[in-house]
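# Examination of the molecular architecture
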Amino acid sequence: MEAFEYRDGQLFCENLPVERLAAEYGTPLWVYSRAKLVHEYRALRDAFAELDPVICYSVKSNSNLGLLRVLNEEGSSFDVVSGGELYRVQQAGADTSRVVFAGVGKTDDEIRFGLESKILMFNVESEPELDAISAVARSLGVSAPVALRLNPDIDAKTHAKTTTGKKGNKFGMDIERHNALAAKVLADPHLELRGIHMHLGSPILTTDPYEAAAQKALDVVTELRRAGHKTNWVNLGGGFGLSYRGEEAPPAAEYAKVILPWIRKAECRLALEPGRSICGNAGILVGRVIYTKREGGKRFIIQDAAMNDLVRPAMYGSFHRIWPVQPRVPAPRDYESEIPGCEPADVVGPICESGDCFAQGRWLPEVARGDLLSTFSAGAYGTAMSSNYNSRPRGAEVLVDGDRATLIRRRETYDDLIGPERV
Ligand SMILES: *Cc1c(COP(=O)(O)O)cnc(C)c1O
């Protein structure tokens, strides 16, 4: 399902021309498709349906309340990594008893907030964290549900900054420590071992790492039960691939095919933590061309969307498709080769950093001052990682449903920039 399509020479989100949205809400502008978000959530849910999975949408990928509300209505649960995200999930009206809480640095306050919200489980990353959770649970007179995050030492072949399940990452623990901590949980009346957690990194474009992880989960759960635990959850994290370039990500059914048999054998409930695969291609970032210039033998397109809006290209060297909203040349299938009628250009923003560049030497048609550019696959880790660097107010976010657009975050003002400051 494609949420963003060129029709009659211009880009549409569902049934609305993107140009009209940009005229109404200004640029930079984030445009999301409700249908695409729901479609991707359902695709994953349906692929794993026989195990009735709890799909904990990774709030860190896009935490806008408008999106959280849609997913909550669909029956999604949530994966949070901070007290702030737990607060957002509550504000979206979600049932926190199905929420999982991850992260290597949970504070006592965050642990208390999680316990008071009666979350499904904490994904525990270290022994001192386990001790802290036990202490907070004791002070509240409750037993804390936990899953230990196993670092399975599986190379998911992702970017160095986004691989998390390999020995030497800051995440999780090795199997020896996992087993030692499991024994500690058994002896502690304020802790209960609900499950095992793994998250391998992202985006993972092959299914083998998941199969290896699911197989390992079966071994570990079998061992835990032998030791007297009532463990009945396997949480395999997120990281499912997203097609940033074309159609490189496997469909949900292929991940399900390699995971399901092992979880069935383990007789466990399955939790997943997808983020980007659900919201990534449900969103675009629209910028307006401010200037074009030629310098040093190169062509530059300077737009009003920048690295403070979308930091992925600067931070990870990520590839995003970019094309005009009302192009003089039809959008290609392959954005990475020479395109007839086009010329290479660097697409840059106004920020005073050379790294403020969405694409280098990218084949693009002629554009003029005032034209609109769409940066695709911007729904995940776009706004969530945005900042006010260079004192740039963030753009508005709109959610499109058929031929209706709803403003789900207004454009920031200059007063928003200085609001919290005290002089
Ligand atoms: C980031 C993260 C996810 C989500 O990753 P995606 O690539 O967005 O699917 C899930 N679980 C954990 C523990 C994470 O850190």
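Everything that follows concerns the structure shown earlier in this document.
It should be emphasised that the depicted structure is a prediction, and the values quoted were computed from it without experimental measurement.

Thresholds, definitions, all that
- Residues numbered from 1 in each chain as written.
- Predicted model: local features only at pLDDT ≥ 70, side-chain atom pairs only at ≥ 80, totals over all residues.
- Heavy atoms only, no water.
- Core = buried A, V, L, I, M, F, W, Y, C linked by side-chain atoms within 4.5 Å.
- Buried < 20%, exposed > 50% of the residue type's maximum accessible area, 1.4 Å probe, protein only.
- Helix = DSSP H or I, 4+ residues; strand = E, 2+ residues; numbered from the N terminus.
- Contact = heavy atoms within 4.5 Å.
- Salt bridge = Lys/Arg side-chain N within 4 Å of Asp/Glu carboxyl O.
- Near = heavy atom within 4 Å.
- Polar contact = N/O pair within 3.5 Å; in protein donor to acceptor, adjacent residues only side chain to side chain.
- Areas by Shrake-Rupley, 256 points an atom, 1.4 Å probe, with all protein chains shown as cover.
- 1 Å grid on protein atoms, 1.4 Å probe; cavity = no way out; pocket = protein on both sides within 12 Å on 5 of 7 lines; lining within 4 Å.
- Sits in = over half its atoms within 2 Å of the grid points.
- Nonpolar A, V, L, I, M, F, W, Y, C, P; charged D, E, K, R; others polar.
- Points joined across faces, edges and corners; volume = space filled by probe spheres on them.
- Domains from an automatic or database assignment.
- Pairing = 2+ DSSP bridges.
- Axes fitted to C-alpha atoms, helices over the stretch in contact; angles between N-to-C directions.

## Considerations on the nonpolar core
In terms of nonpolar packing, the biggest core is built from 116 residues, with V31, L236 and I259 touching the most fellow members. For this core, the element with the most residues is helix α9 (residues 252-266), which contributes nine residues. Discounting residues that sit within four places of it in the chain, I259 has contacts with F48, Y210, A214, L236, F240 and L270. In this structure, V54, M121, W233 and A271 belong to the second largest nonpolar core, which totals eight residues.

## Things to note about the pattern of salt bridges
For side chains bearing opposite charge, pairing can occur when the charged atoms are close. Per the stated rule, a full pass over the model turns up 22 salt bridges. The salt bridge involving D346 is made with K298; its shortest N-O contact spans 2.8 Å. Here K298 lies in strand β14 (residues 298-303) and D346 lies in strand β16 (residues 343-348), a separation of 48 residues in the sequence. Note on K298: relative accessible area 35%, which makes it partly exposed. Across the salt bridge formed by D416 and R410, the nearest N and O atoms sit 2.6 Å from each other. Each member of the salt-bridge network shares a partner with another, and the members are E127, D131 and K184.

## Some points on the site of the ligand
Around the ligand, the structure places 13 residues, and the nearest of them are K60, G239, E273, R276 and Y381. At a separation of 2.8 Å, an oxygen atom of the ligand approaches a polar backbone atom of G239. Bound to the protein, the ligand loses 94% of the 390 Å² it would expose on its own. With respect to the pocket detection grid, the ligand is positioned in the second largest pocket. Here the residues of the shell around the ligand are counted per class, giving two nonpolar, six polar and five charged.

## Section: the layout of surface pockets
Considered as a void within the structure, the largest pocket measures approximately 960 Å³ in volume. Around the largest pocket, the lining comprises 37 residues; the ones closest to its centre are E2, S243, G246, E247 and N281. Put simply, the parts of the chain that give the lining of the largest pocket at least two residues each are β1 (4-7), α2 (34-47), α9, α10 (276-279) and β13 (283-295). For the lining of the largest pocket, the residue count by class is 20 nonpolar, nine polar and eight charged. Both domain 1 (4-32 + 280-421) and domain 2 (63-274) contribute no fewer than three residues apiece to the lining of the largest pocket. The space that makes up the second largest pocket amounts to roughly 580 Å³.

## Some words on the sheet that holds strand β5 (residues 54-58)
With parallel pairing, the eight strands of this closed barrel are ordered in space as β5-β6-β7-β8-β9-β10-β11-β12. The sheet contact formed by strand β6 (residues 77-80) and strand β7 (residues 100-101) spans two bridges and is parallel. What sits directly across from D79, in β7, is V100. Sheet strands touched by helix α4 (residues 83-91): β6 and β7. Its angle to β6, the strand with the most contacts, is close to 160°.

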